[in-house]
Amino acid sequence: MSFVRSRRHLLRGALAAPAIFALSACASRRGGRGGAPIGPSGFDAWLDAWAERGRAIAAGQPHDARAEDALVHELCASLSRFEPGRVPRAEALTSFGEGLRSGPVRVEGALLLVELELGPHAVVPAHNHVGYDFVSVGLSGEAQVRHYEPLAGAPAPDPDPARVDGRVFQVAEVQRVRLSPGRCSSLTRARANIHWLRAGPEGARVLDVGLHFPDPGPGPRQFSALDIYLEARDRERGIYDARWIGDPYR
Ligand SMILES: [Fe+2]
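> Give me the lowdown on the overall build of the protein chain, citing residues and values where you can.
When helices and strands are counted, the protein chain shows 4 helices and 10 strands. Taking as baseline every contact in the protein chain between residues at least 6 positions apart, the subset at least 24 positions apart corresponds to 76%.

In structure tokens:
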């Protein structure tokens with residue numbers, strides 16, 4: 001599989017942009033939380049509501065796995081009210097691999113919005129997520145996103161390529177979504193936590209919305225990219241061989 005920069009690196013780049021903090025200060029408190037159309041005017045109300053949810057998470061309010069699943073499904077549902085062509089854009093996009101660019105849209109405490117632009121057939125390689133729930137919603141074009149969970153007996157991920165346990169283990173494919181405008185996929189710390197994306201022939205633009213938890217909880221405690229074999233070991237059950245490859249950008 002071709003290699004590009006990891007998600008963690010993407011997020012690091014996103015958080016490094018100071019302009020977004022100035023933008024967040026402009027968020028309006030008007031509009032309420034329910035029923036407002038999502039567009040340039042409704043976006044601020046949406047942002048306020050979800051920033052509040054993020055603050056509760058950052059404060060360490062308890063979250064069990066079912067509540068966390070419900071949370072991202074609610075986030076998906078709320079994003080479905082976006083008119084994809086009217087979602088605020090990142091002020092600047094930075095290249096992070098062949099055919100891949102990203103940039104921050106907003107950061108509000110534990111809430112992170114990142115725009116991801118994939119050129120035709122561009123691939124974001126498989127990687128896990130530490131302490132994050134994520135919802136990806138298509139804004140334009142199409143991309144396929146596939147999600148996996150490690151089966152019992154998988155070694156722990158390690159970002160250090162020299163130390164990572166590169167033994168082959170098995171993952172189960174648990175979700176496959178064709179992201180088109182307005183459609184979304186989601187992952188939590190414990191569910192569907194590994195994913196990779198491949199854009200269609202016309203490329204794709206995707207909004208990633210992340211909620212950051214103060215603790216990795218039931219999810220992985222270390223970041224790593226991984227190779228996942230495209231040929232299934234067990235096609236009927238969607239089981240694939242995989243191996244951790246660490247974070248080569250450390
Ligand atoms: Fe990701």
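> Please set out unusual backbone geometry residue by residue, giving values where relevant.
Positive phi, close to 65°, is recorded for H121, a residue that is not glycine. With respect to the element layout, H121 can be found in the loop between β3 (111–118) and β4 (123–127). Of note in the backbone geometry, A192 takes a positive phi value of approximately 55° without being a glycine. The exposure class of A192 is buried, given the 22 C-beta atoms found within 10 Å.

> Go over the environment of W46 with me, naming the residues and quoting the values.
By the secondary structure assignment, W46 is in helix α3 (residues 42–58). Between the C-alpha atom of W46 and that of L79, which follows or precedes it by 33 residues, the distance is 9.0 Å.

> Mind laying out the confidence of the model for the protein chain, listing which residues take part and the relevant values?
In the predicted model, the protein chain carries a mean pLDDT of 84, and 83% of its residues have values of at least 70. Confidence drops under a pLDDT of 50 for residues 1–37, and excluding neighbours within four residues, the segment shows 65 contacts in the predicted structure.

> Hey, could you go over the pairing of β3 for me, with residue numbers and the actual values?
Along β3, 8 of the 8 residues are buried, which leaves the element largely enclosed by surrounding structure. On β3, burial covers both faces: L111, L113, E115 and E117 on one face and L112, V114, L116 and L118 on the other are all buried. Direction of pairing for strand β2 (residues 100–108) relative to β3: antiparallel, over a ladder of 8 bridges. The residue of β3 that forms the bridge with R106 is L113.

> Before we move on, can you summarise the nonpolar core with the specific residues and values?
Among the nonpolar cores identified, the biggest contains 44 residues, and L118, V135, V137, A143, V206 and L207 are the most heavily contacted of them. In contact with V135, not counting residues within four places along its chain, are V72, L75, C76, L79, C184, S186 and V209. Core analysis: the next-biggest nonpolar cluster, separate from the first, contains 11 residues, V164, A225, A242 and I245 among them.

> Can you break down helix α4 (residues 65–79) residue by residue, with the values?
Given a rise of 1.5 Å per residue, 15 residues ought to cover 21 Å, and the 21 Å separating the end C-alpha atoms of α4 matches this to within 8%. Lining the buried residues of α4 we find β5 (132–150), β7 (184–187) and β8 (194–212).

> I'd love a proper account of the pairing of β5, names of residues and values included.
For β5, the buried fraction is high: 15 of the 19 residues fall into the buried class. Inspection of the sheet shows β5 paired to β8 by 15 bridges, in the antiparallel sense. Its bridge partner lying in β8, V145 is registered against L197. Alignment of β5 against β7, held across 4 bridges, turns out to be antiparallel. If you follow S136 over to β7, its bridge partner there is S185. Across 8 bridges, β5 lies against strand β6 (residues 169–179) in antiparallel orientation. When the bridges of β6 are listed, R146 appears paired with R176.

> Report on α3, specifying residues and quantitative values.
For α3, built from 17 residues, the straight-helix expectation of 24 Å at 1.5 Å per residue is met to within 8% by its first-to-last C-alpha distance of 24 Å. Those residues of α3 that fall on the buried side of the exposure criterion are F43, A45, W46, L47, W50 and G54. In the core, the buried residues of α3 are packed alongside α4, β2, β3 and β8. Trailing α3 by a residue or two, G60 shows a phi angle of about 85°, which is positive.

What counts and how
Residues numbered from 1 in each chain as written. Predicted model: local features only at pLDDT ≥ 70, side-chain atom pairs only at ≥ 80, totals over all residues. Helix = DSSP H or I, 4+ residues; strand = E, 2+ residues; numbered from the N terminus. Contact = placed C-beta atoms within 7 Å. Buried ≥ 20, exposed ≤ 12 C-beta atoms within 10 Å, placed from the backbone. pLDDT = per-residue confidence, 0-100. Pairing = 2+ DSSP bridges. Core = buried A, V, L, I, M, F, W, Y, C linked by C-beta atoms within 7 Å. Expected span 1.5 Å × (residues − 1).

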